[in-house]
Amino acid sequence: MTQTSLDAAALDAADPLAAHRDRFVGAAGPVVYLDGNSLGRPLRSTAARMTAFVEEEWGGRLIRGWDERWFEQPLTLGDRLAEVALGAGPGQTAVGDSTTVLLYKMVRAAVAARPGRREIVVDRDNFPTDRYVVEGVARECGLTVRWLDVDPDGGMTTDDLAAVLGPDTALVVVSHVAYKSGYLADVAALTRLAHDAGAWILVDLCHSTGAVPVALDAWEVDVAVGCTYKYLNGGPGAPAFGYVAARHLADGTFAQPVQGWMGAADSFTMGPSYAPATGIRRLLSGTPPIVGMLGLADMVELVAEAGIEAVRAKSVALTEYAIALVDRDLPDVRLASPRDPAVRGGHVTLAHPRMREVTAVLWERDVIPDFRMPDGLRLGLSPLSTSFAEVAEGVAAIRTALDG
Ligand SMILES: *Cc1c(COP(=O)(O)O)cnc(C)c1O
């Protein structure tokens, strides 16, 4: 996509999704919010939904709520999310737990499904919790972590992965969009490579879901996890989601280690020992966080209404605009994200030795990006709630702070 204008007002006026911004609390200002990839703004409808939930569903239905709706909620919401944003058919996605806990369940299940193989591949630039979980499971199961060094301004390429795959590889763990650089991995190609070597792939979708289209079924991914408080605006601590390919559920290969009653074959038989539920319910452990799913459910419907391809088009336009402004106004700053939008997700990272202090100055001025070690300021441009004017104000504020 080529940007013809650097005029924010013209770009906002021509934005077909601009009207959706009014649906978010605070989007009218004064805060310039450029961290939607860490915590999305709340939708206005979420306040009403939460009140109705307390008064009618929780307060009115009480324990009957479990039979009527909540027991199935992790799976019904998972199916809807899968349809709208994950490119996945029903029966493979469940909402619940944190991303970290789901990563643990998935890594354990994956290595158990590839017995005799001794290595887990993960890149050194992956998100800390992904690396820490892999380290922990490797120690617990007597496996080796095969660390991949990747371009810090990019991410895992097929060449990087091909160089380390082998008959010992049990699992490859990769982020669809790298949290630091914003690099958008070619998951379809990485998955083919992993499968050719007889390994599983676990894809972390935290920084892509809700901003970048995902096609888990078509890519033949084995397992995936993702956050819902970033581009899915579920609110702080909203539960994560997990995806397990139908083929691994149908043949019973997938077995996760936190065996709880809510993932058992019949939760209310209260039987003497655990037998996993058939299907994706087996990913669950204990009582699911129903209250935490309220905001997320609203955002999934908004993404459905806007269409994930249109959301991606706006996301690309926002990041292209940010980069064009940086090229013009911040020549002393290094773009630490891919220049090619085809391999870039929804955020842009700008490197400069003073970015830590610049971020602190911006926060005081109600301009909110975030800082990532060692010298990166991230502009997280949540497509449905961010305007081109905010991007322009943000880049101008960085110029002022660097000059100050
Ligand atoms: C945000 C993020 C997480 C967060 O995990 P939590 O358990 O929700 O704290 C994990 N992985 C990646 C890639 C992330 O971007």
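Reading guide: rules and limits
- Residues numbered from 1 in each chain as written.
- Predicted model: local features only at pLDDT ≥ 70, side-chain atom pairs only at ≥ 80, totals over all residues.
- Heavy atoms only, no water.
- Helix = DSSP H or I, 4+ residues; strand = E, 2+ residues; numbered from the N terminus.
- Rg over C-alpha atoms; globule rule 2.2 N^0.38 Å.
- Buried < 20%, exposed > 50% of the residue type's maximum accessible area, 1.4 Å probe, protein only.
- Lys, Arg positive; Asp, Glu negative; His and termini not counted.
- Charge placed at Lys NZ, Arg CZ, Asp CG, Glu CD.
- Patch = residues over 30% accessible without salt bridge, like charges linked within 9 Å, V, L, I, M, F, W, Y side chains within 5 Å.
- Areas by Shrake-Rupley, 256 points an atom, 1.4 Å probe, with all protein chains shown as cover.
- Salt bridge = Lys/Arg side-chain N within 4 Å of Asp/Glu carboxyl O.
- Contact = heavy atoms within 4.5 Å.
- Domains from an automatic or database assignment.
- Buried area = accessible area lost by both parts, 1.4 Å probe.
- Near = heavy atom within 4 Å.
- Polar contact = N/O pair within 3.5 Å; in protein donor to acceptor, adjacent residues only side chain to side chain.
- Nonpolar A, V, L, I, M, F, W, Y, C, P; charged D, E, K, R; others polar.
- Pairing = 2+ DSSP bridges.
- Axes fitted to C-alpha atoms, helices over the stretch in contact; angles between N-to-C directions.
- Parallel < 35°, antiparallel > 145°, perpendicular 65-115°, else oblique.
- Left-handed = near helix turned anticlockwise from the far one by under 90°.

Side note on the overall build of the chain
In terms of helices and strands, the chain carries 14 helices and 13 strands. Its C-alpha atoms give the chain a radius of gyration of 21 Å, within 12% of the compact-globule value 22 Å for 404 residues. Counting only C-alpha atoms and orienting by the principal axes, one finds that the chain spans roughly 65 × 55 × 35 Å. Buried residues in the chain amount to 58% of all 404 residues. Here the chain carries 36 positive and 51 negative side-chain charges, and the mean point of each set is 3 Å from the other.

Describing a nonpolar patch on the surface
Together, Val54, Trp58, Leu62 and Ile63 line one region of the surface with nonpolar side chains, adding up to about 440 Å² of accessible area. Position of Ile63 relative to the elements: it lies in the loop between helix H2 (44-61) and helix H3 (64-70).

Focus: helix H8 (residues 187-196)
One turn of the α-helix equals 3.6 residues, which is why residues spaced by three or four share an orientation. Among the residues making up H8, those that are buried are Val187, Ala188, Ala189, Leu190, Thr191 and Ala194. Of the surrounding elements, those touching the buried residues of H8 are helix H7 (158-162), strand S5 (169-175), strand S6 (200-204) and helix H9 (216-219). One or two residues past the end of H8 sits Gly198, with phi positive at roughly 85 degrees.

Topic: the domain arrangement of the chain
Here the domain parsing of the chain yields domain 1 (4-43 + 307-403) and domain 2 (69-302). Domain 1 and domain 2 are separated by 28 Å when their C-alpha centres are compared. Across the boundary between the two partners, domain 1 contributes 34 residues, which contact 24 residues of domain 2. Taking both sides of the interface into account, the surface hidden between domain 1 and domain 2 amounts to around 2300 Å²; carbon and sulfur atoms contribute 58%. For the interface between domain 1 and domain 2, the tally reads one salt bridge. Between Asp153 and Arg334 there is a salt bridge whose closest N-O contact spans 2.4 Å.

Side note on the site of the ligand
As a structural note, the neighbourhood of the ligand is formed by 13 residues, with Thr100, Asp130, His207, Tyr229 and Lys230 the closest of them. At a separation of 2.5 Å, an oxygen atom of the ligand approaches a polar side-chain atom of Thr100. Here an oxygen atom of the ligand and a side-chain polar atom of Lys230 are 2.6 Å apart. Within the complex, the protein chains bury 86% of what would otherwise be the 390 Å² of accessible surface of the ligand. Of all elements in the fold, only helix H5 (99-113) and helix H6 (128-141) reach the threshold of two or more residues within the shell around the ligand. Grouping the constituent residues of the shell around the ligand by class yields four nonpolar, six polar and three charged.

Overview of the sheet that holds strand S3 (residues 119-123)
Within the open sheet, the seven strands sit side by side as S2-S8-S7-S6-S5-S3-S4. Their pairing is mixed. Every interior strand has two partners, whereas the edge strands, strand S2 (93-95) and strand S4 (144-148), have only one. Put simply, the sheet's adjacent strands are angled 20 degrees from each other on average, direction ignored. Against the sheet, H6 makes contact with S3, S4, S5 and S6, and its axis sits at roughly 150 degrees relative to S4, the strand it touches most.

Some thoughts on the pairing of strand S7 (residues 223-226)
Taking every second residue as pointing to the same face, both faces of S7 are buried, with Val223 and Val225 on one and Ala224 and Gly226 on the other. Bridge count between S6 and S7: three bridges; the pairing is parallel. The partner of Asp204 across the bridge, within S7, is Val225. Note that S7 and strand S8 (residues 241-244) share four bridges and pair antiparallel. Each bridged residue has a counterpart across the sheet, and for Gly226 the counterpart in S8 is Phe241.

Description of the environment of Leu284
Along the chain, Leu284 falls in the loop between helix H10 (246-250) and helix H11 (294-306). Judged by its relative accessible area of 6%, Leu284 falls in the buried class. Measuring from C-alpha to C-alpha, the distance between Leu284 and Gln259 comes to 8.2 Å, with 25 residues separating the pair along the chain. Those residues in contact with Leu284, other than ones at most four positions away along the chain, are Pro74, Ala94, Val95, Lys105, Gln256, Val258, Met262 and Gly263.

Some words on the pairing of S6
With five of five residues buried, S6 lies mostly within the body of the structure. Burial along S6 is two-sided: Trp200, Leu202 and Asp204 facing one way and Ile201 and Val203 facing the other are all buried.

Regarding the environment of Asn126
On the secondary structure map, Asn126 appears in the loop between S3 and H6. A polar contact is formed between the side chain of Asn126 and the side chain of Ser175, at a distance of 2.8 Å.

Considerations on the packing of H2 against H11
Interaxial distance between H2 and H11 falls to 9 Å at its minimum, and their mutual angle equals 135 degrees. Classed by the angle they form, the pair H2 and H11 counts as oblique. H2 and H11 meet at a crossing whose hand is right-handed. The residues of H11 that touch H2, namely those facing Ser45, Thr46, Arg49, Met50 and Phe53, are Leu294, Gly295, Ala297 and Asp298. A breakdown of the residues in the contact of H2 with H11 according to their chemical character gives four nonpolar, three polar and two charged.

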